[in-house]
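Coordinates in review
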Amino acid sequence: MNQILVKIRDLHFSRGERKIFDGLSLDIPRSGITAIMGPSGTGKTTLLKLIAGQLRPEQGSIEVDGENVHRLKTRELFELRKRMGMLFQTGALLTDLSVFENVAYPLREHTRLDEAMLRHLVLLKLNAVGLRGAAQLMPSQLSGGMARRVALARAIALDPMMIMYDEPFTGQDPISMGVLVSLIKELNDALDICSIVVSHDVPETLSIANQVHIISAGRLVESGTPEQLGNSQSEWTHQFIHGDADGPVPFHYPAKPLLEDLFQAGRA
Amino acid sequence: MIDRLANLGATTLAAFERLGRASVFLLVVLASCTSLLRRPSLLVKQLYSVGVQTLIIVIVAGLFVGMVMALQSYYGLVDFGAEDSVGVMVVLSLLRELGPVVTALLFAGRAGSALTAEIGLMKATEQLSGMEMMAVNPMQRVMAPRFLAGVISMPLLATIFSAVGVLGAYLVAVQMLGLDYGPFWSQPQAKVDLYDDLYNGIIKSLVFGVVAAWIAVFEGYDCVPTSEGLGQATTRTVVYSSLAVLFLDFILTALMFSK
């Protein structure tokens, strides 16, 4: 079997005037955790939506499991998506259904399991994320971290070949963050699937990733294992990994000289 | 000057582009409605929240509109000794115009705005994207049942509005003003035509139902997923639906009742 699950070639994508991807190419292996990192606004979430076929690129191709995502018909794309799980930043739980029904939702939609079997499966998935006891709660009663764990249980309901995590650590307290970090690792190892983590939380992501790709300004800046990137000679990578305030990515947004600006304001 | 012209052009183009998107959206929703045959429970749930929950406001409004109509037509007709015609006047006005139109306006305000807000919020919280990622088509699961529920509810609500309105008129004309109940009921019985008046009124409300539900669902689906965008979309639903209903009412009336 081909060891590459996601193959991105010469990807171009813009939002309005703004170029998000400008010839991005990268490969994501079939197993292990691949992290895609970069500063806010580099289009990491957009990349996941492109991989999932929710957005169309202007140029270039994305293959998932040997199929060109953007050449598929709607029905074929939906078949492919049954083998993909995605964890949204907000969790994206259906607010009118309980936790149990949220996890049961993809199973009810795509399988014909009887109620007893379905209950077993849902409780097992919820147990895996530690929220079996919360099965009867509504999404509005959950904290942000719990909502993400429920969404994770839902994402693994159909036993996908890959899970995409969109900023899983953003806005979490240290405990939920720790829980999510170890959950992503454990699930990846136990299910032996492909996990794609999009994030800019450097230490958490580096602690679990097998392979890291750093993107900026629409291009791949550097790839490697967390150790390799930690020892990177690139000033840019160094600034990003260590979170320096100034460096190749300037502290100041491009502007005309301060004096000129002040002078103009005084005249106006 | 050139700038203004360019702006006008851009605005016009954007409006037509949006109309095109809305038309494609309507076609997709219509095609998705067939999936409800396999999932009737989704439709029943929406019939409850779109139709049944709008019932109270329709009944109350219908009652008062009927009562006011009876009072006003009584004051106008009594000078000519024609107060016996209050019944037929109220019934015809309700069936032909007020029933479908006022119900559609109430529907846009009560159910339409709620539909837009609900769908818009689902979009903003990524629930629609989430469904797509679970290989579930939101057109079939979210849009189609809401649209169809609106289309089915509207004629029923308009009929109930008219019926309650006639009842309100009866209370005022016969019970309060002491008119004879014989002509109040017999004149409408003789004058109201099943096809010309009742059916045409129902056809009107069906058309209004399609338009109001279409606008409400599309505005929600097409909204900018921020709190500001959602507010604007909800406002647009009410404004566009109301204007569309009033405009279409004129067209339909001209077509239906021209002699």
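1. Digging into the domain arrangement of chain B
Residues and elements named next belong to chain B. According to the domain assignment, chain B consists of domain 1 (1-31) and domain 2 (41-256). Computed from C-alpha atoms alone, the centre-to-centre distance between domain 1 and domain 2 is 28 Å. Tallying the contact residues gives 9 residues for domain 1 and 12 residues for domain 2. Summing both sides of the interface, domain 1 and domain 2 together bury roughly 980 Å²; the carbon and sulfur share of this comes to 75%. Taken together, domain 1 and domain 2 are joined by 3 salt bridges.

2. Concerning the interface of chain A and chain B
Contact with chain A, which involves 23 residues of that partner, is made by 15 residues of chain B. Our count for the chain A to chain B interface comes out at 3 salt bridges. Linking E109(A) and R39(B) is a salt bridge whose minimum nitrogen-to-oxygen distance equals 3.5 Å. Summed over the shared surface of chain A and chain B, the result is 11 residue pairs in polar contact (both at pLDDT 80 or more). Elements represented by at least two residues in the side of chain A that touches chain B include exactly α2 (74-81), β6 (84-87) and α3 (99-110) of chain A. Here the side of chain A that touches chain B takes 5 residues from α3(A), the largest share from any one element. Each residue belonging to the side of chain A that touches chain B can be placed in one class, and the counts come to 11 nonpolar, 5 polar and 7 charged.

3. Side note on the sheet that holds strand β10 (residues 219-224) of chain A
Residue and element names in this part refer to chain A. In space, the 6 strands of this open sheet follow the order β6-β7-β8-β3-β9-β10, with mixed pairing throughout. Sheet topology places β6 and β10 at the edges, where each strand pairs with a single neighbour. The average angle at which neighbouring strand axes cross in this sheet is 15°, direction not considered. With 4 bridges connecting them, β6 and strand β7 (residues 162-166) associate as parallel partners. Looking at β7, one finds that M86 is bridged to M164. In the packing of helix α5 (residues 144-155) onto the sheet, contacts are made with β6 and β7, and the angle to β6 comes to roughly 175°. Sheet strands touched by helix α9 (residues 235-242): β3 (32-37), β9 (211-216) and β10. Its angle to β9, the strand with the most contacts, is close to 105°.

4. Things to note about the packing of helix α2 (residues 40-51) of chain B against helix α6 (residues 138-176) of chain B
Residue and element names in this part refer to chain B. Running from N to C, α2 and α6 cross one another at 50°; their axes reach a closest spacing of 8 Å. Between α2 and α6, the angle falls in the class oblique. Note that α2 runs across α6; the crossing there is right-handed. Facing L42, L43, Q46, L47, V50 and G51 of α2, the residues of α6 in contact are R141, P145, R146, L148, A149, G150, I152, S153 and L157. Each residue belonging to the contact of α2 with α6 can be placed in one class, and the counts come to 9 nonpolar, 4 polar and 2 charged.

5. A closer look at the pairing of β10(A)
Residues and elements named next belong to chain A. Pairing geometry for β9 and β10, over 5 bridges, is antiparallel. Each bridged residue has a counterpart across the sheet, and for I215 the counterpart in β10 is L220. The hairpin formed by β9 and β10 contains 2 residues between the paired strands, and A217 there has a positive phi angle of roughly 50°.

6. Focus: empty space enclosed by the protein
Within this structure, the stated rule accounts for 1 cavity of 30 Å³ or more. Reported here for the largest cavity is a volume of approximately 150 Å³. In terms of lining, the largest cavity is formed by 14 residues, of which the most central are M84(A), G85(A), A155(A), M133(B) and M134(B). Within the residue set of the lining of the largest cavity, elements represented by two or more residues are β6 and α5 of chain A together with α5 (127-133) of chain B. Top element by residues in the lining of the largest cavity is β6(A). It accounts for 3 residues. Each residue belonging to the lining of the largest cavity can be placed in one class, and the counts come to 9 nonpolar, 2 polar and 3 charged.

7. Quick word on the packing of aromatic side chains
Residues and elements named next belong to chain B. If you walk through the whole model with that rule in mind, you get 7 aromatic pairs over all chains. Ring geometry for F184 against W185: centres 5.0 Å apart, planes inclined by 90°, an arrangement best described as edge-to-face. Among the residues examined, F184 registers a relative accessible area of 3% and is labelled buried. An aromatic cluster is defined as three or more aromatic residues linked by ring pairs; in this entry it consists of F25, F218 and Y221.

8. Examining the pattern of salt bridges
A side chain with one charge can pair with a side chain of the opposite charge if their charged atoms come near. Residues and elements named next belong to chain A. Under the counting rule described, the total for this entry stands at 23 salt bridges over all chains. One salt bridge connects E58 with K19, and the closest N-O pair in it is separated by 3.9 Å. Taken as a pair, E58 in the loop between α1 (44-51) and β4 (59-64) and K19 in strand β2 (residues 18-29) lie far apart in primary sequence, 39 residues in all. In this structure E58 comes out as partly exposed when scored by relative accessible area, which is 47%.

9. A word on helix α3 (residues 55-78) of chain B
Residues and elements named next belong to chain B. In this model, α3 (24 residues) spans 34 Å end to end at C-alpha, consistent with the 34 Å of a helix rising 1.5 Å per residue. For α3, the full list of buried residues reads V58, A61, G62, G66, M69, A70, S73, Y74 and L77. Those residues of α3 hidden inside the fold are in contact with α4 (86-124) and α6.

10. Some thoughts on the packing of helix α1 (residues 2-32) of chain B against helix α8 (residues 194-222) of chain B
Residues and elements named next belong to chain B. One can describe the packing of α1 onto α8 by two numbers: an axis separation of 10 Å at closest approach and a directional angle of 110°. As far as their axial angle goes, α8 and α1 are roughly perpendicular. When you trace α1 past α8, the crossing you get is right-handed. Contact with α1, carried on its side by R18, R21, A22, S23, F25 and L26, involves W214, V217, F218, E219, Y221 and D222 of α8 and no other residues of that element.

The rules we used
Residues numbered from 1 in each chain as written. Chains lettered and ligands numbered in written order. Predicted model: local features only at pLDDT ≥ 70, side-chain atom pairs only at ≥ 80, totals over all residues. Heavy atoms only, no water. Domains from an automatic or database assignment. Contact = heavy atoms within 4.5 Å. Buried area = accessible area lost by both parts, 1.4 Å probe. Salt bridge = Lys/Arg side-chain N within 4 Å of Asp/Glu carboxyl O. Polar contact = N/O pair within 3.5 Å; in protein donor to acceptor, adjacent residues only side chain to side chain. Helix = DSSP H or I, 4+ residues; strand = E, 2+ residues; numbered from the N terminus. Nonpolar A, V, L, I, M, F, W, Y, C, P; charged D, E, K, R; others polar. Pairing = 2+ DSSP bridges. Axes fitted to C-alpha atoms, helices over the stretch in contact; angles between N-to-C directions. Parallel < 35°, antiparallel > 145°, perpendicular 65-115°, else oblique. Left-handed = near helix turned anticlockwise from the far one by under 90°. 1 Å grid on protein atoms, 1.4 Å probe; cavity = no way out; pocket = protein on both sides within 12 Å on 5 of 7 lines; lining within 4 Å. Points joined across faces, edges and corners; volume = space filled by probe spheres on them. Phe/Tyr/Trp six-rings, centres within 6.5 Å; stacked < 30°, edge-to-face > 60°. Buried < 20%, exposed > 50% of the residue type's maximum accessible area, 1.4 Å probe, protein only. Expected span 1.5 Å × (residues − 1).

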